[in-house]
Amino acid sequence: MSQILVLNGSARPDAFTAAMIEAFSRGARSAGHTVTVIALRKLQIHSCTGCLMGGRDGEHPCTQRDDMDAVYAAFRRADVTVFATPLFFWSYSGLLKKVIDRLWALAEYERSELIGRGRGGALLVAAGGEHPELLYTHFDYMMQRLAWRNLGKAALLHTDSMDMQNIPACEDAYLLGRMIGGVEEG
Ligand SMILES: Cc1cc2nc3c(=O)[nH]c(=O)nc-3n(C[C@H](O)[C@H](O)[C@H](O)COP(=O)(O)O)c2cc1C
């Protein structure tokens, strides 16, 4: 069974990314996995300064001291990380992207804190329109370069024409959660 960390990169607590995470988590828990969700909007996390001086203090991988330390701790406990994001400018939200950048500090101890080590990754994306392809390409390439298992993706498209009080069942996200660890994509 996997320890799954979901990084929620949405700024809206009860909107579409959150609905996808809820469905994904239900699926994953029903398959026996443990799911921890971190709402990044609640944390004080600065942007990467690009210093390349991390990896010198085991407890604080980055040179900056902020809530990223809680993310590092949860990330170290997890074997699967789910990147959950609204589609912003055909990419990750800024909330999520700055956390991805800050993960680099873990690779500064030794590459294996971030690269490889049997880790898996998945992507959840809520998009106002219908073109998440660029983000998919980025995610696939990131999985390849990090040498993580690519465990798949789910999208909820056309959210801008949906009613937030009446969000449809996120069946793809639920199934991704249920199947996680069981199916591997190329
Ligand atoms: C700054 C910004 C940029 C956006 N860029 C895109 C985009 O490139 N493509 C798209 O389909 N929707 C785009 N949207 C719409 C969001 O993807 C959509 O509203 C999504 O449901 C937001 O996630 P949330 O419901 O979790 O807040 C954008 C919205 C904002 C606020």
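Preceding block: the structure.
Calculation criteria
- Residues numbered from 1 in each chain as written.
- Predicted model: local features only at pLDDT ≥ 70, side-chain atom pairs only at ≥ 80, totals over all residues.
- Heavy atoms only, no water.
- Salt bridge = Lys/Arg side-chain N within 4 Å of Asp/Glu carboxyl O.
- Helix = DSSP H or I, 4+ residues; strand = E, 2+ residues; numbered from the N terminus.
- Buried < 20%, exposed > 50% of the residue type's maximum accessible area, 1.4 Å probe, protein only.
- Core = buried A, V, L, I, M, F, W, Y, C linked by side-chain atoms within 4.5 Å.
- Pairing = 2+ DSSP bridges.
- Right-handed = clockwise from strand over helix to strand, strands pointing away.
- Near = heavy atom within 4 Å.
- Polar contact = N/O pair within 3.5 Å; in protein donor to acceptor, adjacent residues only side chain to side chain.
- Areas by Shrake-Rupley, 256 points an atom, 1.4 Å probe, with all protein chains shown as cover.
- Nonpolar A, V, L, I, M, F, W, Y, C, P; charged D, E, K, R; others polar.
- Phe/Tyr/Trp six-rings, centres within 6.5 Å; stacked < 30°, edge-to-face > 60°.

Draft legend 1. Highlighting the pattern of salt bridges. For the coordinates displayed, the defined rule picks out six salt bridges. Between E113 and R76 there is a salt bridge, with its nearest N and O atoms 2.8 Å apart. Taken together, the residues E113 in the loop between α3 (94-107) and β4 (120-126) and R76 in helix α2 (residues 68-77) connect sequence positions 37 residues apart. Among the residues examined, R76 registers a relative accessible area of 32% and is labelled partly exposed.

Draft legend 2. Examining the nonpolar core more closely. Judged by nonpolar contacts, the single largest core of 33 residues is most densely connected at L7, L40, V71, F83, Y92, L114 and M142. Of all elements in the fold, only β1 (3-8), α2, α3, β4 and α4 (133-146) reach the threshold of two or more residues within this core. Sorting elements by how many residues they give to this core places α3 first, with seven residues. By size, the runner-up hydrophobic cluster in this structure holds 24 residues, among which are V80, L151, A154 and L176.

Draft legend 3. Region of the structure containing the pairing of strand β2 (residues 34-39). Pairing of β1 with β2 involves six bridges; the strand directions are parallel. Counterpart to N8 in the pairing with β2 is A39. Between the parallel pair β1 and β2, the chain is carried across by helix α1 (residues 16-30), and the sense of this crossover is right-handed.

Draft legend 4. Structural view of the site of the ligand. Around the ligand, the surrounding shell holds 16 residues, and the nearest of these are R12, T17, L87, G129 and T159. Between the ligand and F89, the relevant distance is 2.9 Å, taken from a nitrogen atom to a main-chain nitrogen or oxygen of the residue. W90 is positioned with one of its backbone polar atoms (N or O) 2.9 Å from an oxygen atom of the ligand. The fraction of the free accessible surface of the ligand (640 Å²) that becomes covered by protein chains is 75%. Classifying every residue of the shell around the ligand gives nine nonpolar, five polar and two charged.

Draft legend 5. Highlighting the packing of aromatic side chains. Considering all chains together, one arrives at four aromatic pairs under this definition. With centroids separated by 5.9 Å and ring planes inclined at 35°, the aromatic side chains of F75 and W148 adopt a geometry described as tilted. Here W148 lies in the loop between α4 and β5 (149-156) and F75 lies in helix α2, a separation of 73 residues in the sequence. One exposure class covers both F75 and W148, and it is buried.

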